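# Examining the three-dimensional arrangement
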Amino acid sequence: MSAGAIQALPHPVPIKNGTATVGVLLPIHSVPQEYMQQVLADIRAAAAKHSPEEEAAIDRLLSERGAE
């Protein structure tokens, strides 16, 4: 399958081996910079509303997965 064909996919498509899903074809589309800035602003606004307990739980979860 060509790169152009993958980019033309409307959504992620599972790659199957019999009934088992072994991978995903994920078309990557670029988005306007303004849209990405708005998404990041929304994420920051939501994160600002976390309670200290929620922040601690997030920190523990990330630490368990090796993230800093």
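Preceding this section is the structure that the text describes.
So, how was this worked out
- Residues numbered from 1 in each chain as written.
- Predicted model: local features only at pLDDT ≥ 70, side-chain atom pairs only at ≥ 80, totals over all residues.
- Heavy atoms only, no water.
- Helix = DSSP H or I, 4+ residues; strand = E, 2+ residues; numbered from the N terminus.
- Rg over C-alpha atoms; globule rule 2.2 N^0.38 Å.
- Buried < 20%, exposed > 50% of the residue type's maximum accessible area, 1.4 Å probe, protein only.
- Areas by Shrake-Rupley, 256 points an atom, 1.4 Å probe, with all protein chains shown as cover.
- Lys, Arg positive; Asp, Glu negative; His and termini not counted.
- Charge placed at Lys NZ, Arg CZ, Asp CG, Glu CD.
- Expected span 1.5 Å × (residues − 1).
- Pairing = 2+ DSSP bridges.

## Concerning the overall build of the protein chain
Of regular secondary structure, the protein chain possesses three helices and two strands. For the protein chain, the α and β elements follow one another from N to C terminus as α-β-β-α-α. Computed over the C-alpha atoms, the radius of gyration of the protein chain is 18 Å, more than 25% above the 11 Å expected from 2.2 N^0.38 for a compact globule of 68 residues. With respect to the principal axes defined by its C-alpha atoms, the protein chain has extents near 45 × 35 × 20 Å. Here the protein chain, with 68 residues, has 3% of them falling under the buried criterion. Roughly 5,800 Å² of accessible area belongs to the protein chain as shown, and the carbon and sulfur atoms make up 60% of that amount. Of the side-chain charges in the protein chain, 5 are positive and 8 negative, and the distance between the mean point of each set is 8 Å.

## Quick look at helix α3 (residues 52-64)
Between its terminal C-alpha atoms α3 stretches 18 Å, which fits the 18 Å expected from 13 residues at 1.5 Å a residue. Taken from the residues just after α3, Gly 66 is the one with a positive phi, measuring 80°.

## A closer look at the pairing of strand β2 (residues 20-25)
In this sheet, β2 lies alongside strand β1 (residues 13-17) in antiparallel orientation, the contact comprising five bridges. Note on β2: the bridge partner recorded for Ile 15 is Gly 23. Here β1 folds back onto β2, and the loop between the two strands holds two residues, one of which, Gly 18, carries a positive phi near 70°.

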